[in-house]
Amino acid sequence: MEDCIFCKIIKGEIPSTKVYEDDEILAFNDVNPAAPIHILVIPKRHISSLADMKPEDEKLVGKIYGVINKIAEEKGFKDEGFRVIVNCGKNGGQEVMHLHFHILAGKQLGEKIV
Ligand code: AMP
Ligand code: ZN
């Protein structure tokens, strides 16, 4: 996707602080962190949002959760806990239209909505 900032990060056209990378998935620090640890995990394949997921993307999304656990283990916040958020569409507050999983960690997170 030409104008997608996360696709540009994947291509290296926009710099990022990489946390994890394999052939299908990239994780990098959020530029505007909402917690001491704020990492975004994205598929390298452009999927606009959770609502645009196709059945063939399900395996990849499952793998993303595995990567999230791996990052939690490697960064040392697996035991103390963390939160994973996916904002979807207008009412979900999604600003970047490339599917991404926020990992928030490093402090007691406030304001539980659910
Ligand atoms: P969302 O509101 O769920 O779409 O989240 C988009 C997230 O992308 C926000 O937390 C932004 O801070 C983050 N973000 C936007 N541009 C960049 C960038 N160039 N590098 C890292 N994170 C970014
Ligand atoms: Zn994209």
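Look a little higher up for the structure.
Note on numbering: residues in each chain are counted from 1, in written sequence order. To label them, take the chains in the order written and letter them from A, then take the ligands in the order written and number them from 1. Local features in this predicted model are restricted to residues whose pLDDT is 70 or higher, and side-chain atom pairs enter the listing and the counts only when it is 80 or higher, whereas totals over whole chains, interfaces and linings include all residues. Only heavy atoms go into the side-chain values, all of them from the structure, while hydrogens and water stay out.

**Student:** Is there a simple way to think about the nonpolar core in this case?
**Tutor:** Across soluble globular proteins, you tend to see nonpolar side chains buried next to one another. Only buried residues count toward a nonpolar core, which is a set of Ala, Val, Leu, Ile, Met, Phe, Trp, Tyr and Cys residues joined through side-chain atoms within 4.5 Å. We call a residue buried when its accessible area falls under 20% of the maximum for its residue type, exposed when it is over 50%, and partly exposed in between, using a 1.4 Å probe and counting protein chains only. Core analysis: the largest hydrophobic core is formed by 18 residues, its most contacted members being I25, V41, I71, F101 and I103. Of all the secondary structure elements, the ones that give two or more residues to this core are β2 (25-29), β3 (37-43), α2 (58-75) and β5 (101-105). Labels follow the DSSP assignment, with helices taken as runs of H or I lasting at least four residues and strands as runs of E lasting at least two, numbered in each case from the N terminus. For this core, the element with the most residues is α2, which contributes 7 residues. Ignoring sequence-local partners within four residues, the contact set of F101 consists of I39, L40, V41, V61, I64, Y65, I68, V84, I85 and V86. Counting residues in hydrophobic clusters, the runner-up holds 10 residues, among them F6, I10, F28 and V96. The contact criterion used throughout is that any non-hydrogen atoms of two residues lie within 4.5 Å.

**Student:** Looking at this structure, how should I read the side chain of H38?
**Tutor:** As for its placement among the helices and strands, H38 is situated in strand β3. Classification of H38 by relative accessible area gives buried; the value is 7%. By the criterion applied in these results, polar contacts are pairs of N or O atoms within 3.5 Å in which, for protein atoms, one can donate a hydrogen and the other can accept it, and in which residues neighboring in sequence qualify only through two side-chain atoms. For H38, the side chain forms a polar contact with the main-chain nitrogen of A34, separated by 3.0 Å.

**Student:** Whenever I open this one, the coordination of the zinc ion (ligand 2) confuses me. Can you help?
**Tutor:** For a metal bound by four donors in tetrahedral geometry, the ideal donor-metal-donor angle is 109.5 degrees, whereas six donors in octahedral geometry ideally sit at 90 or 180 degrees. The rule for donors is simple: an N, O or S atom within 2.8 Å of the metal counts, and for Na, K and Ca the reach is 3.2 Å. Water is not among the atoms, so a site may look short of donors. Protein-derived coordination of the zinc ion (ligand 2) comes from C4 (SG), C7 (SG), H46 (ND1) and H98 (ND1), at a distance range of 2.0 to 2.3 Å. Geometry at the zinc ion (ligand 2) is tetrahedral, judged from the 4 donor atoms that bind it and their angles of 103 to 116 degrees at the metal. Read in sequence order, the donor residues coordinating the zinc ion (ligand 2) give the pattern C-x2-C-x38-H-x51-H. Here C7, found in helix α1 (residues 5-11), pairs with H98, found in the loop between α3 (89-92) and β5; they are 91 residues apart in sequence, far enough to count as distant. Pair check on accessibility: C7 and H98 agree, each one buried. Labels for metal geometry use angle windows, namely 85 to 135 degrees for all angles of a four-donor tetrahedral site, and for square planar (four donors) or octahedral (six donors) sites opposite donors over 155 degrees apart plus all others within 65 to 115; sites meeting none of these are irregular.

**Student:** Help me understand the site of ligand 1 in this model?
**Tutor:** Proximity criterion: a residue is near a molecule or strand once any of its heavy atoms comes within 4 Å of it. Contacts to ligand 1 come from 16 residues, most closely from D30, N87, E95, H100 and H102. Within the contact set of ligand 1, an oxygen atom lies 2.5 Å away from a side-chain nitrogen or oxygen of D30. In the environment of ligand 1, an oxygen atom lies 2.8 Å from a nitrogen or oxygen atom belonging to the side chain of H100. Accessible surface is estimated by sampling points in the Shrake-Rupley manner with a 1.4 Å probe; for residues, cover comes only from the protein chains shown. A total of 500 Å² of accessible area belongs to ligand 1 in isolation, and the protein chains cover 83% of it. Secondary-structure elements contributing two or more residues to the shell around ligand 1 are α1 and β2. Of the residues forming the shell around ligand 1, the biggest block, 3 residues, is contributed by α1. Gly falls in the polar group here, along with every residue not listed as nonpolar (Ala, Val, Leu, Ile, Met, Phe, Trp, Tyr, Cys, Pro) or charged (Asp, Glu, Lys, Arg). Broken down by class, the residue content of the shell around ligand 1 amounts to 7 nonpolar, 7 polar and 2 charged.

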